[in-house]
Structures are given as C-alpha cells and as structure tokens.
Amino acid sequence: MSMADLIDGQAELDDEENDESFDEETGDPRTTRRKENGDLDDDSSEEEDDDDEEAARAVREGFIIDDEEDEEPDQRERRRKRERHKKRKEREEEEAALDEEDLDLIGEANPEWERKTTAQPKLKRLKRGHREDNDHHRERNLEEMFSDDEELDAPHEYERSFNRPDHQHRVDEFADFIEEDELEDEDERQRHQEEMEVARPRERGYVGSGEATGLDKDALDDMEAIFGNGEDYDWALALEDEEEAREAGEHNLELKDVFEPSQLSEKLLTDEDNQIRWADEPERFQLDRLPYKTLQLSEEQFKEEARWITALIWPKKQLHADLQTPFTRAIGKVLEFFVVDEVEVPYVFQHRKDYLIHARKGRNNNRHNAEDPEFVVTAEKLLNQDDLWRVLELDLKFRALIEKRNVLEKTYDNLKLGLEVRDKMVETMLPIAVTMEELQDIQDYIYFKYSAELKDLAITNGELKEKRRAGGRSTIFDRIRKSKAYELVKAYGITPDQVAQNALKEDRKIYTEDASQTPIDFADSLVSENDFRTGDQVLTAARQMYAEELFMNPRMRKHFRMHYYMMGVVDCRRTEKGLKKIDEQHPYYELKYLKNQTLPDIAAKPEMFLKMLKAEEEGLLEVRISLQNESDFMKQLLQDFQSDNFSELADAWNDERKNVLDLAFPKLERVITKGVKESMRTECQDSILKACREEYSRRLDQAPYKPKGMVLGTIPRVLALSNGKGEASDAVCWAWVEEDGRVLENGKFNNLSRDVQARENFVELVQRRKPDVLAVAGFSVATHNLIKDIRNLVDERGLRGADFEDSDGEERSEPLDVVIVNDEVAKLYQNSPRAALDHPTFPKLTKYCVALAKYMQNPMKEYAALGKDIISLPFHPCQQLLPEDKLRKQLDSAMVDMVNLCGVDINEAIGDPYTAALLPYVCGLGPRKATSVLKAINSNGGVVNTRDELVGDPDSHKLPVVGPRVWNNCASFLSIEYDSSNPMSDYLDNTRVHPEDYELGRKMAADALELDEEDVKAEVDEGGPGAIVRKLIKDDEQEKVNDLILEEYAEQLERNYNQRKRATLETIRAELQQPYEELRRNFAILTDDEIFTMLTGETRESLCEGMIVSANVRVVRDDFVIAKLDSGIEGKAQDSPEDDYLGRSLKGMFSVGQSVQAKLLRLDRADFSAVLGLSAYALRQPYRRRIDREPGCWDMVQEEKDKEALREKDKSTGRAQRVVKHPLFHPFNSLQAEEYLGSQSIGDAVIRPSSKGNDHLAVTWKVSDGVYQHIDVLELQKENEFSVGRTLRIGGKYTYSDLDELIVDHVKAMAKKVEEMQRHDKYQPLSRTETENWLTTYTKANPKRSVYAFCIDPKHAGYFLLCFKAGEKSRPMAWPVKIVPNAFELLKSAYPDMRALTNGFKMRHQSEMTKRN
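Note that the structure is predicted; figures quoted are calculated from it, not measured.

## Examining the pairing of strand E18 (residues 1155–1164)
In summary, the side chains of a regular strand alternate between the two faces of the sheet.
Okay, step 1: With seven of 10 residues buried, E18 is to be regarded as a mostly interior element.
Okay, step 2: Note: strand E15 (residues 1108–1116) against E18, five bridges, orientation antiparallel. Each bridged residue has a counterpart across the sheet, and for alanine 1111 the counterpart in E18 is valine 1156.
Okay, step 3: With five bridges connecting them, E18 and strand E19 (residues 1169–1173) associate as antiparallel partners. Opposite aspartate 1164, over in E19, you have serine 1169 as the bridge partner.

Listed below in structure tokens is the structure:
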C-alpha cells in the first residue's frame, strides 16, 4: 500500500470517476482490448441454438418424423447418411450462390443495377451482432424507459427491421467488419465453414437476372422445368414465418420482464396502475372502490344508505330538528353525485353548493317601504367540505356492509332452497343489521346452528374436495344436537333466543316453564351408550350446548354490546413488566393505575386510550373493559332466564339456569369487549386523524407573503438567511429567490453583529436587490441573536423594501420586514435528493435558505413537493400511534381541498416540476393520471389553449388528454391564462367557472352590457362563443355584473331546468370581476411559542417552570452566575437571602465550564432567557408534573401495595433500594436499562444502581441501535452510604465532580465522537463480515488499489473496527478503534478527529509495511 493510496488530499479510493485504469509511467488512460473471436464464438453458439429450434419446429410441423428411438440400427445408419448427403448438397448449392463480392462485380458491370440495402452505422451493426449481450447490458431505469428520446430505442427498432425479408442481404455486411483469424487446422476450417453456412440466413426465391447469371431465357426455362422454381414449398415456409412472428410477439419484452415488481409498484407502472391510469373514472374513486368493483346497489339500498349515513352524521351536527329531513335529502343528493355522476368532493363543494344549503323563502316582516323586498330568503348550511369527505368514507363502509349482507342473504337463501330451512331470527335480524359487528353475529349464528347443513350443501354443489366419511368426527355441538342430550337443552323451558328477547325488552315477556323432573333425573333418562353414558355427562353436555347457543345468539350479543357501550368502564392493570419499567418519569405513568374511565371520558381524550393500547401491545399494561353495574346486569339477565315458580323443582332448574349463564357470560364478555375495544380504537384514531387534518389544513391555508402595497396572492421576492446551528465558526448563508422561483444569487456573510465588512456587504445586497421581505430561520437559539442583529441593521441603515404605488397613486416604500419562517419543510428539503438535483453545487445551509424563501412564496407548493415524506412532519403529539396509510389519506384530502380551491395553471405545470406536483391533487386526477396528462399534453405540442382541448380536438389534431368523465371533474380546476391577443383564448378558462356553466356566464355578461339578442348574435358570429365575455373585459365593465339581480336567474333556472344554481351564479359574478381570486388566508406569522419550540425543540410540557435541569456555567461573578441550558437558553442565577451556600461565595461554589443542576424559576419564551436557582434549598424541592385526577379514577390502594412490595423486596435482598436525585436516574438493572434506551436516541444515557455496591454507580448509554455501553463509576468522598460521592472516577483515568459533568464531558463527548465517526464518508453501516466483503469486491474491481472502511463493533460497545485491504491479493484486516471522550484511540494513540485518525492509520500502516520489507 503506497502513501498515495492512503493520505487524505489525494485521489479518493472509491470515487467512480477513478475506475478507469492508467498507465503507471505516462499516466495516460489505458484502452481495454476486447478478446479476439469472442464475438464469433457468441454468434456460433447463438446460431446453433437457432438450428436446434428450427429442427424442433420442423418436428412439430411434421416435416421430420422423430422416430429415431423406434428405428433399427441399420435403418438409423442409412437415414443419417442421407441427411449428411442432403446437408452437403445444400452447402454446395449455397456456396454456388452469389456472394457479396459477386454482387459488387455485377454492380460494376451494370452501373444501373443497385443493391437494395440501407447503410447503417457500423456501431449499430456491431451491436446487432451481439444482440443478446447488448440487451443484457442495456438495461435502463424507468425514467430512461419512458423518456422521449427516440434514439435510445433505435437499436431495437433496427433489430426488428433486420429480420424482415427486404433486409435479407444485411447479414453479409458483417463479413468484412470483423477480421477473421486464419485457421491452420483443416478440420477446424471445415467445422467453421459449416457453422457459417448454418448461420447464413435463408435467401428465399432469389433468382438472378439473365444478365447476372450469364444464361438466356430458354436455358432458364429448361432449368426451371427440370429443377422447379423453388416456390413449391413456399406455403410451408410461410407457415413457419407466421409461427416465428407469433412466437416473437408472444415474447415481446414488457416492463415486468425487466424490472422488479417492487420497482414497478413504486413508480406506479404495474398493469393495475395502467388500468387506473386509462380508465375514465376519478383515480381516487377507483382506488377506494376497488374492493367493491362488482357491487351494484339497488334503488332501495341507495335510499337505505342515505338514512344510514344521516344517522351517523346528524347527531354531531347539532342542527335544528326541523332540518333533519332536508339534511337526509342533502345526503342522498351528495351520494348521487358521488355514485351516479362520479364527481369528487371538490367538484360537489364548488359546483353543487346549492344542494348543501337549505334555503327557505318567507315574507319580509321588516318591510317598511315599497322598495324593500316582499320576500326574503334564509339559508342554513347543512354540509361543509369535511362532511363531504366523511360521507365519501361512510359510502365505502356501507358498501362493505352491503357486500357482507348480500353474502349472508345468499347463504340463507341456499339453506332455504336446498334444505327448506326457515329461521325467523335470521329473517328478522338480517335486514335490520346496520353494523359489521351485527352482521358478524348473524354469520357466526348461521355457521354454528347450520354447520352440518352447510357442509352438505357444499358437497352437493361440489365445493368441497372430499365428502365426509361415514363416522367421521364432527364438532361436539353437532353431536349434542343429534343426540338425546338435546332433549335436556329443550327442557330448560325457554329458548336462548327467547331469553335474548326478554333481555332486549322487544316484546311482552316470555315466561319460563319448568320440566316435570329435576335436571339430573331428566339427564339420567337420556343416557346412551353411543353418546353420553352417564347423567352427569348428559347434564354437562346440555349445559355447554345451551351456553353456546346463548353465546352465539345475535340478539344476546346485541344486548351485551348495548350495555357495554352505555355502561362500560376502562381500567388499566400494570403487568409485572410494567411494574418494574413504568416509573414516575415514564410516559405511561399517567396510565399505570388509571381506572373507571367511562367511554365518554375516552372520547374526550382519544390519545389516552391509544396510549393504553400501545402500552398493552408492549406488555406493560392490561386494558380491561367491564360493566359499571355488572352484578345488577347479571341479576336482571338471570331474572329474564329463570322461572317465577316456587318449589324445589323450580329451584333446581333455576340453579341449573344460573350455571348455564355463568358459562356463557365470560364468553360473551370476551367477544363483546374485544369488539368494543376495537371500535373505540377506530373512533379514537378518527378523532386524532381529524385533528391532524385540521392542523395540516391550517398550514396549507396560507397565501404567499403579501408584499407591501400589493394584492393578496402576489409572489414576493425573498432574501433568506440562516446561521444554521449558530456556532462561532458558522457563517450566515443567504439565497436570493425571484418571484418566479429562480435562485439568482447566493453567498455567505461573516458575523453580522461585529464584522463591519459583512454588515456593509449585507446592506449593499439589500439595496441592490430590493427584496420584499427578509426570511430568517435556524437550528438553535443563536438564530434569535441573528434576527436581532438583522433587525437592528435594518433600523440603523434605514433599509426599505421595494417601491409600490399607494392608494393616491404615489410611489413609496416601507421599512423592510424581517420574518421568522417555519422551517419544517426546509429541514427536510436540505438533505433530500430533490435539493441535490435542483442545486447540486449549493451547501446544505444554502439549500435550506432556498426552501425558506420558496415557503414564503407559496407554502402549499412546498408541502405538496414533499410527497410521501409529509407524514414525517408533526401535526399531533400522538400521531405516531396512527396507521400511516390512514394518516396519509387524511393529509392528502386536506391537500386536495386546498389545491382545488386555488386551481392549477396547466401550462405552468407542464414546464415547472413544483407546479406539476400539485396535479395529483386536482379533482378527478391522481399520481397516475397526472403523469399521463403531462405526457399527453407534451405529445399534443406542450401547450393547452382551451379547456375543451383536454378531451381532444380533431380539427386541430389534438389527442384526448383525459376522458369525458375525468374532464368533467378537473376542467374548472385547471386554469389557462387569458390572452386577449389570441382569438382562441376564452376568459372563462381562467376562472373557477365550470364549462357546463359558461352559457350562464355569457348570459350574465350580455345582460350586464345590456345587449339584446341581435347584438349578442352579431358578436358571437364575429368573435365566437366567448366574444361577449371578451367584450366585457375589453371594455373594463366587469363591475356592471354587480347590478344584476341573480335571484330571478336562479328561480328561472330551477323552474325551467330543475337546476339549483343560486350559489353558482354568485361564483360566476365574482370570477368575472377577479378570476381565481386568492381565497387563502394571509401568510401565518409564527407565535412566540412556535418560534421557541422551533429554535429550542422544547414545548411547554418538556420545559416549564419548576423543573430541575442540567446547565453549563458560562460566567461566574460574586453575586450572579450565568449558565446555559441544554436547549441553548441562557439563564441567570442570583444570590438571594434564602439561598444557603454554607458561607461560601458563588465564585467559590462554581467555576466556568462546570456542569450543574439548576431549578428553572422563570422562563421568558419571547426573549429566550431564564432565571435559575442553584442553591440546595431550591434543588430540594423536586418537580412533580401535575396530573389532574378525578376522584375514584386512580387506584391508590394498588399503587401503595406495589411500593410496599418493592420495599419488602429490598429488605429481602439485604440492601436498600438506592435512589439518586437526578433526572437520568432509574432503578434499572443492565437489561432494563438497555430495554429503556432501545426507543431513545443515540447518545442518551441512564444512571442506575451498581451491583458492585453503594460506592459505585453504573451509567448505560446508547452507542448505536442495539449497542449499549455500561460504564462503572467509582464514588469517592461520600458523605454517607446513600449520597453521591463528590468525586466520580471512571477507569482510574477520568475524574468528575458531579453527575452532570460526567454526563456532559464523558458520555456526551463520546456520543459526539460516535456521531462524527458515523458521518464520515468511509463509515459503512454494515457488520464486519459485510464490510470485508465490500472491501473484497472493491479490490477485485480495482486490483491495484488499497481501500479501508470503518464499521461498528457490536460485540465490544464503544469500539469501532477499521477494516482495510491492501490490494486484491492481500487478506482483509481490522484494527480496533476505541471511542474515548473527545478522541479516537487507535493502537493506544489518541486522535482528536477523523482526519487525524485516518492519516494516523495510514502512517502506522506505512510504517508496518516498511518494517516488513
């Protein structure tokens, strides 16, 4: 290994650009020589395969009878001789045929004769000769496969044309392209000649002209009469060609033949995706309704659905009772729009608003004069946009319900028709079942009661593979049902279904009758040798059978379910694991002893219940649902079951009935509580999903930042700045972004608070560029200081924004705004592949600034560009408890609403990827259809002139972009900028008006201009249908539409055409005056709390007054100390009379750089400052998070028992449980510490008791995922057995004064080194074996190179491995690298950073090599 291979600053070892080899002396690139004759070998093998295929094909077609195995040996020998003779004769005939040189001579002798060949580049011919090889090496990614570059596909087109008859001579062109080797051996020459003859393509029917062959016409006729003209078998050859073509067609390569299914699925290019892409139906509808594609709802079911959805939505709307009927009609109409018209939510909300409103016309009681209207219209809004999405979601649930009901009805019909089964319970319950749980109950009942009949039907219909064998084992309940024991079941005096009816109080009570014998006597009379041989067995069987029938009865389950929903309570019970793991600092502590939570309580705090279920999944808690009045419930149920008689016989039967109920109750409780728990989970998820959607909608509902003096919606010019983490060495990066999104300039400033030159450069930039706003953000509290510096600089130098014209028409400007921008999108963008593609040369912080500026220009576009990464943004503290697919669907629906509110300029989307990212959210479209729309528009010329063009225009040769149904959905949401100079341009194409309402808009324009029918006709004849609106705009008389009385229009439309268009007419009036007016709210300025959280990462829950926090002392004076918290906030601690420092001054107590614990006394979130308490008096008062518990909702008795048990356990071990007052202390052992840190971040630590005694502590910290280091800490100078030593020593080498200093200067210092190691470009996130395999692969590809890499050593926590391989032939080796505070240790030498470590390794390795040599 040479120094040039290893020292940093020279060529990197693993750069792809260095894969080319170079001459060691001259340094010139070497050319790789191709192996000679390799091509010929490939060709010959390929042609041999073809020959075998032709022979096999001939056998199939009957030209050759492959009966070699049936022939006698002498017959076989004679046949082979004939075949050899035939082959030799064919070869001689082919040799006699005219070759290329002969044809060239003919061309020289006859200049008029031309060979019908097409010149092709030699490179392509060479590729043709190696078609199989090249196809293997020409695999392309999906983007290339679908690129518009036709040249990429040219070789394939050439290969297809190469096999056509009119190119039969092209094979001979290869003869002179590759120089052949001279074969000295005669046998080799003969074999090679035969191979080449086999490879020669058949030249069908070629007959040279008489001049070319030297024969006259008579001689040719004679030859043809004797030998034929070669066309006798053309029919067979034609059949062969057809089969070849058919086989070629069958084996055409498809995408699925080239790419993995996962790749196709990711790119939405599977067959299913293509079906969705080309179907004329909204994409989201297709995806949602895919499971119910074949389901057709009847008219009655459609009405039932409207009632079903109304029953679910109406209770939450809190509208007046008089509106319930109109509300139901509105629901039915919305369903009709979704199902029949197949239009999406934005279309309904935008163009069918009148059906979402209930308008009532009444007399005007406040009319005082004749000018006042006689009637007034009052409107009540019935459904909003969120309701429409809810209706759409419930439509899918109803379809699932109907599908399951149809299956059950079919099953029951089969039982009725096949076996004449009649079950009143099924016939009554099935039509009224309105939930999946109720349908499941009926299904369980049918398959329980009629299991034998259903099996018989399946056998009769041939649906079972095997018939049941006689005497085969049946279920225990089938046996009981067929045995005498079932008589005892009937003797209970009341059927299970009648018990359930009594419980539900559906009708008059059905009384129970007692049998004439006691249960045991009756059982004794029913014994049988074949079934149950004793009375006890009969009684037990009957009891189990009756309990099972109660359990399976749908009415009984309904009764239980109703009571659990009304009277159910939720209790949490800690498990043994939870007892040990959940302490007061654990996030689940608030649930550990929680009890008596009613379902309304759960509905009010949905995140609490989801946490319960999560803790249950982790094995920490058990969530139980029980009845508040369980004993009363059981007592009432028993009364409905038992008889009212008074006798010993009646008592015996009632006792038996109670035994049955005791058997059935746990089963019913188990299945019902499970269903209730899942229903509650769904409801709680829906509540949090709704909250996430509302929060996302709030963030999307922001217009671009409005420059001073401009209208809302104007795109600002932004100068964005950031100092990143704000460390001393960090410069301030900036980016200047124009209103069209182009980044025209970027750079860096030094310290803007102290560097005079940097301040002057900033002022010069602002004065030169004239930005509308300054955008600032960052990653730490230091950004707050940057903001103050910039604002001071703006004030001092009087920096002002761009000039604008005020209401008086005068030019003016105002002081420049400095805005702190939400950076959640920018943080994701700076490290994304999209940023690398957009700005490959920009530093990460500059990319971050670009994203800040673009966020101010259009927040919606930035969120849309995130794509699938949107779910990584925080919208709710508990969103991690939600299923990702549900969360993404809800967030997408919010984006769909906002995109369709704003519309998308389709021509802008064609050329701008950021705008194109909005297309999938347009009504009717989706990710699949959006790509096909862009591709179709590009094939039509790349420009859309009118909305009508999107469905195709044969006159202008425009192909359809979308189908009529999808066009109806998306047309009004795709805007086309109006161009008054273009006669084809229609002003209404740039509005929210749907093309179906264009005539209304034109009529309103004509009435506003007061044109009569003749004037309108003249304008239309001259300028087309849009001439009237064009005239209105040209004359600048849009305001006249405000004079129109739209109420009369609306009444006329409803009366004559049954169309409700009142709200639509208002939309048209607004759009004629200001097309696609900005309807979003003003750009949201962050609150102080939001800025505080963004720059510190702390919320009101994670950092609040009263907490004890870690801090690092920065300044020490006699009367105060300034310390910096982990979050970056600086706090001041002053000496006060109540502080007890044992007579010592603050300078004597604290020193700069010391890590201390402090009590947070006051926190100013706006100024990022704090007041701290450092005295023992302040720290003696621990912080306890306030948990509001209602009386009776916390199991204090169990909590006290658990604490007492822990104390007893400590006594039994002979050692008291040690407690250390520190936020990182936990009473864990090593395994518990590792389990706790498993979900924490790398570098997090736990302080815990040590097994070595009370003079030791243990610190466990997370080195990497699954790797934890346990550090033994020796305590010295202890005041008593349980106090923490004043001196803490690790490994006899590192000494610290307290735990905070140890954590910061030891653990956190090592964690930073781990992070530095893992960020290094030589680090491989692989195991040692995988890393060594990677080294081996690299050196095989680069034999003369040396290479090294780092990987973690999971067997030795705190160590990494430096794996290296000095060339191809050397074996991989590994040296251990130890992580120590602030350094890396290699071979007992410490290195401060990775650069020093790598160079140190190279020097050590060079030294080792020198010693060996």
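That covers the picture; the talk isn't over yet.
## Comments concerning the pattern of salt bridges
Okay, step 1: By the definition in use, this model includes 78 salt bridges.
Okay, step 2: Residues aspartate 897 and arginine 693 are paired through a salt bridge, measuring 2.5 Å at the closest nitrogen-oxygen approach. Placement of aspartate 897 in helix H42 (residues 884–902) and of arginine 693 in helix H35 (residues 648–700) is noted, with a sequence separation of 204 residues between them.
Okay, step 3: Close ionic contact of glutamate 796 with arginine 759 constitutes a salt bridge, the shortest N to O distance being 2.9 Å. With a gap of 37 residues between them, glutamate 796 in helix H37 (residues 782–797) and arginine 759 in helix H36 (residues 756–769) connect regions that are remote in the sequence.
Okay, step 4: On the accessibility criterion, glutamate 796 (56% relative accessible area) is exposed.
Okay, step 5: By sharing partners, the salt bridges in this structure join Glu695, Arg698, Arg699, Glu824 and Glu1090 into a single network.

## Side note on the side chain of glutamate 548
Okay, step 1: Summarising the element assignment, glutamate 548 is placed in helix H28 (residues 535–552).
Okay, step 2: With relative accessibility at 7%, the residue glutamate 548 sits in the buried group.

## Re the nonpolar core
Okay, step 1: Of all hydrophobic cores here, the largest spans 251 residues; its most connected members are Leu488, Met612, Phe762, Ile790, Tyr863 and Leu919.
Okay, step 2: Those residues in contact with phenylalanine 762 that lie beyond four places of it in its chain are Leu719, Leu721, Phe749, Leu752, Leu774, Ile790, Leu793 and Leu799.
Okay, step 3: Core analysis: the next-biggest nonpolar cluster, separate from the first, contains 39 residues, Ala1245, Ile1303, Tyr1348 and Met1394 among them.

About the criteria used
Residues numbered from 1 in each chain as written. Predicted model: local features only at pLDDT ≥ 70, side-chain atom pairs only at ≥ 80, totals over all residues. Heavy atoms only, no water. Buried < 20%, exposed > 50% of the residue type's maximum accessible area, 1.4 Å probe, protein only. Helix = DSSP H or I, 4+ residues; strand = E, 2+ residues; numbered from the N terminus. Pairing = 2+ DSSP bridges. Salt bridge = Lys/Arg side-chain N within 4 Å of Asp/Glu carboxyl O. Core = buried A, V, L, I, M, F, W, Y, C linked by side-chain atoms within 4.5 Å. Contact = heavy atoms within 4.5 Å.

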